[in-house]
Structures are given as C-alpha cells and as structure tokens.
Protein chains: 2
Amino acid sequence: MEVVTLPVLHRMAVCGGTHGDEMTGVFLVPELERQRREKGDGIWPIALTTVLSNPRAIKECKRYVEKDLNRCFTSALLSSSITDSTPYEIQRAQELNSLLGPKETEDAIDIICDLHNTTANMGLTVISYSFSNWVCLHLFKYLKEKVTTVPVRLMLLDIPICDAYSLESVSKYGISLEAGPQPQGVVRADIFNFMKEAVNAVMDWIKIFNSGQVIEGGEVESYMVEKSIDYPRDPETQRPSAAVHPQLQDQDFCLLKPGDPMFLTFSGETVKYEGEPRHPIFINEAAYYEKGIAFHLAQKKNITIPSIQAKKD
Amino acid sequence: MEVVTLPVLHRMAVCGGTHGDEMTGVFLVPELERQRREKGDGIWPIALTTVLSNPRAIKECKRYVEKDLNRCFTSALLSSSITDSTPYEIQRAQELNSLLGPKETEDAIDIICDLHNTTANMGLTVISYSFSNWVCLHLFKYLKEKVTTVPVRLMLLDIPICDAYSLESVSKYGISLEAGPQPQGVVRADIFNFMKEAVNAVMDWIKIFNSGQVIEGGEVESYMVEKSIDYPRDPETQRPSAAVHPQLQDQDFCLLKPGDPMFLTFSGETVKYEGEPRHPIFINEAAYYEKGIAFHLAQKKNITIPSIQAKKD
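Looking at an unreviewed UniProt entry, chain A carries the name N-acyl-aromatic-L-amino acid amidohydrolase, with the source organism given as Astyanax mexicanus. Here chain A is described in UniProt, under the heading Sequence similarities (unreviewed entry), as follows: "Belongs to the AspA/AstE family. Aspartoacylase subfamily."

Given below as structure tokens:
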C-alpha cells in the first residue's frame, strides 16, 4: 500500500474567541496559557501559539463587534486596503494573517485549530475545507477514535481556499472544532471537558506523526454541505413565522426525508420537508438567524485516505 | 372554610421582549396580535394589552441596550427625572409605567404576565414577589395542574413592592413566566408551545375566577430565594476560573448538600458546596455572568392559600 510522505509539523496555533460569545475557546485558551506558565512549553510536542482572536468581542461577550470575524479570511479581504472606516474585524483578520499566515504561503503556520461553539446539537464536529488534505482528515480519524464521550463527525465545505472565509484557512492544515449544544455566553463543563480532550488528542496525534511512524489510512465518513434552508418568514416583517419542528430540533446529522416535519409555525401548523433525503446540520444555531439559515443540508460521503508518514526535514 | 373575596379582573397585559434576546415572548406576543386580527378580542375573557417591552433591544437581539430594563421598575427609578443622559431603559420603564401602571396605584392594570427565557433548566417557573398575593398564588396552582408537559414551580422573591425591580411589579397581580432551557437568540418550538399553553391557562383561570365561582385553596410549594453564589474567579482578571460542575449543571431545584460538587475549575479540580442544604436555581444562566451569579440558593416552603371568589363590582 502506498504511503504518502508529508513534512514534519513544526508550529500550531490554538485559537479561541474568534466569536466572542463562544465560551469554550474563550476559557480554554487561557487555561493552555496557565499550563504553559506552570509547566513550560515542553509539555507540548509542537511549538504552540495561543490566540484570543477577537478581544473586543470577547470583552463585550458578543459574536463580533462590526463584522463576523470568521467571514473575513478570504484572500480578497486579507489583501484589501485599510482605511478609517474599515470594520475592526477586517483589521484584526489582517493582523492574524500576519501572525499566523500569510495565507497560501510557505510561511503559514502548519496547523490552526480554531475552537467554536454552537447552540445546535452538533457534538464535536471537525470542519475542514479539504477533501484531500490528508493531515486534516487523519486528525479527524484520530479524534473520532479517541474522543468517545460525544459523537465526533466531519463536515466538509467545498470552497476554494482563496474564498475560504474562516480563520483556520490561513494555515496549511486548518481545522475548526465545533462543540455543542451550548448557549452563547455560557460555559458548560461537559463541553469544556470534551474540547480539552480533543485539543490534547490533536497534540497526541502530532507527536505520533512527527515521530515518523506510518499512520494507517482507511475510510472516513464526511458530511458535505450542499445548501441552507431558511425559516419561513412573515412577508411583511421578514421575521421568522415558525420555529424548527420539535421532531427535528436537536436531531443534527439525522436523515431528513420528504414529508418529514421541518418547521412548526407559531400558529401551530407543521411545514414538511420536500426534497431529496439529506442530513440537516447546525439546526437552530442562534447566530444563523441573521444569516437566513435555519439549518444546512449535507450529503454523507465516505472518503478513502491514504497512509501517511512524516518526512524528516 | 373562609372564602376571601376579591375584585373581578378587568385588564391584563402579556409582555414579551423585556429582555430582547429571550425569544419566546418576542414571538408569542406577535402571535397573540395575529390571533386578535384574525378572530377579534372576543376570544379572550379579559381586556388584553400586548406589549413588546424593549423594542430597541429586540431589534439588536440583545438583553438590553444600556441598562437591564427588568431592573428599572423600582419606585425610585420610575419617579426619577429624565435628562439627556438617562439610559434608554429607564425612559422606557417610565413609558411602560404610564401605559400599565402607575405602579402601586388603583389605576394599575390587574395582571401583567411577563414572558422570559433562561439558559438554565428551569422548566416553567412562575416568579412572584408576593407571599400573600392570592391571585398570583392561585394562578401558579392552576398552571401546575394544567401544564403537564414540563415541571412547573414557584419562585418567590422577598422584596417590598416599592423595591421590586421587574416589570410585573407595576401591576396589581404580577407574574413573570420563566421558560428554559433555551439559548439567548434562539426560539425552540417545545418551549414556545408550553409558554403558549401557560398563557392560555392564565386566561382560562381568569374566566373561571371572573365567573364568580369559589376557587378552592390548598397548599402550594414555593422556592424562596435566600442568596446567590458567584463563580470562583481569577484574582487578577476577575474572569471565572471554573464552570458549574457537570453533576450540578441542569439540576435546578435539586437539593444541594454540603460536600456535593458545585464547580469544576478549568484546570480540573472539583469545588464542593459548603453550607446548609438548599435548592439551587437559575444554574448557569448566561445573563448572570456579568451580575456575579452562578446560581441562586433557595429554601423550599409550603404556603397555605385560602379559597377565593370574585366579588362582582
């Protein structure tokens, strides 16, 4: 069986507070910094940078101040010129690109692991742009094996890297870790614990990979986002006129079939799903109301990944 | 057995969006207005006023703009003079006091039913200031009998009415209905449905009461708030250094005994409860982080309420 060789991993960043009200990262990043102060850098198998991505939003405990930071990492926005009226988050994205990138260059940091929360029942979801980024896919495979207290899934976004808008796209092998359900502005110990477990598992995998041993490939199951479904809305006010149906609420990654209940209007009528069978994800995420998204629909696909091995520099 | 006679109830207000990110009321008030447009006022047994209390906060989907509106209804703030620098919410509280009060006068509306949500696992909780306000206590008794899809409890605040700070204190018989757990900015159909059921039950009870029939008293179980417990905090940053312990999270109204796990620090240590056995409520409410409250502690007490009967004017 062919083994793909890849460069050793030297530098990694763990980022939290890219959305200032997603509290797991907001508290886990300082906890990593406390560990560093107490025990030194030597506890980690890789040079680790810790980042609180959006300090102003964290201070105000809101998702963002002027513009969603995690939509600001496209190549176009990262190279746009800054004026007095440029939103804070675009300026901050360019700062982070200087610190961790530059995006799409050899100088970019190897891995960004960006910590997020969702109000949806997503368990631990690894989000990646890549269908053939073997490091990301192996990381997911390892997390799925090692983190057993919560379901672990992979969500793939089919977007060219220059148009990829989120922080982790700045690195060579970026993953976003979504943990939920957790309300905005709240830290739950159960979710904090499995996120801590996941970050530790990422570092364990890096240690194994960097040791030079062959890491076996195999099949991984992924969910590829196809499209988004909005809430039914009042034609006059444009406000939602229905909530996610109780039978669909919290059922992220289930199979939604034609005729299944999808929404329940505030006056009590059921709206059924019409379309091909698909897997709904990010069901009833608080931050997506303003984006016109009640949930995404995804297709399940198995991906075969090769065995890999680190090539010493 | 003695029957207490009380005046017929003429006017009631259902208020939502007193906190702009508590979505059940934000959507239920317009639904009541839709019912009125469709079927007319005659569907209700009482003159009903519907109010979206904090329209600016609702628009921004945040708890409040400048100051927590639901802390602005003390007699002192309601009679304070307004200047250009008066926070929006104090001005709005005075407007609402003109509309629904004036507080502590004969002209005040009979009932305010103010709709709230919490991220805590509070089910349906009736909040009232009164230990001897028989209408409020009978309303709770009726809700507990009729709303069976979710636990229904009574939380009592021992505060003189002039210092009572929340909207419902403007009316003669005010109750706040808390429904949870629901993240801020999210509407869940299950919670919307039991809140709708509760508001309908309040109106059913008013119809029965106003008919003049004797409504039997009895014992009701209440939770009286004694004090609040804050998160352990980092002495330097003042940020929480622990989350609510997984064994306590979601266990609102349980009995917390000395030695029971209370917090789990981000470094993994358990902090135990020391104190008299008490019932924790509002555990891990998002909006209380800034108030320095991880949860309240309450004592359970049974209250005997008399039979009551409406006295025709």
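Once the structure has been displayed, the description carries forward.
Visitor: Give me the overall build of chain A: which residues, what numbers.
Guide: A count of helical and extended segments in chain A gives six helices and 14 strands. Each of the three principal axes of chain A carries a C-alpha extent, and together these read 65 × 55 × 35 Å. The buried share among the 313 residues of chain A stands at 58%. Residue pairs at least 24 apart in sequence account for 74% of intrachain contacts in chain A once pairs closer than 6 positions are excluded. Carbon and sulfur atoms make up 48% of the accessible area of chain A, which amounts to about 12700 Å² in all.

Visitor: Before we move on, can you summarise the layout of surface pockets with the specific residues and values?
Guide: Where empty space is left becomes clear once a probe the size of a water molecule has been rolled over the atoms. Considered as a void within the structure, the largest pocket measures approximately 1400 Å³ in volume. As for the largest pocket, its lining consists of 43 residues, and the residues nearest its centre are A:C61, A:K62, B:D21, B:C61 and B:K62. Counting residues per element, the ones that place at least two in the lining of the largest pocket are α1 (23-39) and α2 (55-60) of chain A together with α1 (23-39) and α2 (55-60) of chain B. When its residues are assigned to classes, the lining of the largest pocket shows 20 nonpolar, seven polar and 16 charged.

Visitor: Report on the UniProt feature "active site" (unreviewed entry) in chain A, specifying residues and quantitative values.
Guide: All names here are of chain A. Under the UniProt annotation, "active site" (unreviewed entry) lies at E178. Mapped onto the secondary structure, E178 falls in strand β7 (residues 173-180). Accessibility expressed as a relative area gives 7% for E178, which makes it buried. Sequence-distant contacts of E178, that is, excluding residues within four places in its chain, are made with H116, N117, T118, G123, L124, T125, I127 and F282.

Visitor: Before we move on, can you summarise the UniProt feature "domain: Succinylglutamate desuccinylase/Aspartoacylase catalytic" (unreviewed entry) in chain A with the specific residues and values?
Guide: In this structure's numbering, the residues bearing the UniProt feature "domain: Succinylglutamate desuccinylase/Aspartoacylase catalytic" (unreviewed entry) are residues 10-205 of chain A. The straight-line gap between the two end C-alpha atoms of residues 10-205 of chain A is 13 Å; of that span, 36% is helix and 19% is strand.

Visitor: Give a description of the pattern of salt bridges that names residues and reports values.
Guide: Scanning all chains against the criterion turns up 32 salt bridges over all chains. The closest approach of N and O atoms between A:D260 and A:K257, which form a salt bridge, is 3.9 Å. Note on A:K257: relative accessible area 40%, which makes it partly exposed. Linking B:D41 and B:R36 is a salt bridge whose minimum nitrogen-to-oxygen distance equals 3.1 Å. The partly exposed category is assigned to B:D41, whose relative accessible area is 46%. Among the charged side chains, a salt-bridge network with shared partners connects A:E22, A:R63, A:D68 and A:K291.

Visitor: Report on the sheet that holds strand β4 (residues 111-117) of chain B, specifying residues and quantitative values.
Guide: Note on sheets: strands pair through backbone hydrogen bonds, and any given pair is parallel or antiparallel. Residues and elements named next belong to chain B. Spatially, the nine strands line up as an open sheet ordered β3-β2-β4-β7-β5-β6-β8-β13-β12, and their pairing is mixed. Looking along the sheet, the strands with just one partner apiece sit at the ends: β3 (47-52) and β12 (279-281). Adjacent strand axes in the sheet meet at a mean angle of 30° when their direction is disregarded. Where strand β5 (residues 123-128) meets strand β7 (residues 173-180), five bridges bridge the pair, whose relative direction is antiparallel.

Definitions and cut-offs
Residues numbered from 1 in each chain as written. Chains lettered and ligands numbered in written order. Predicted model: local features only at pLDDT ≥ 70, side-chain atom pairs only at ≥ 80, totals over all residues. Heavy atoms only, no water. UniProt positions renumbered as here; feature names shortened; annotations may be inferred. Helix = DSSP H or I, 4+ residues; strand = E, 2+ residues; numbered from the N terminus. Buried < 20%, exposed > 50% of the residue type's maximum accessible area, 1.4 Å probe, protein only. Contact = heavy atoms within 4.5 Å. Areas by Shrake-Rupley, 256 points an atom, 1.4 Å probe, with all protein chains shown as cover. 1 Å grid on protein atoms, 1.4 Å probe; cavity = no way out; pocket = protein on both sides within 12 Å on 5 of 7 lines; lining within 4 Å. Points joined across faces, edges and corners; volume = space filled by probe spheres on them. Nonpolar A, V, L, I, M, F, W, Y, C, P; charged D, E, K, R; others polar. Salt bridge = Lys/Arg side-chain N within 4 Å of Asp/Glu carboxyl O. Pairing = 2+ DSSP bridges. Axes fitted to C-alpha atoms, helices over the stretch in contact; angles between N-to-C directions.

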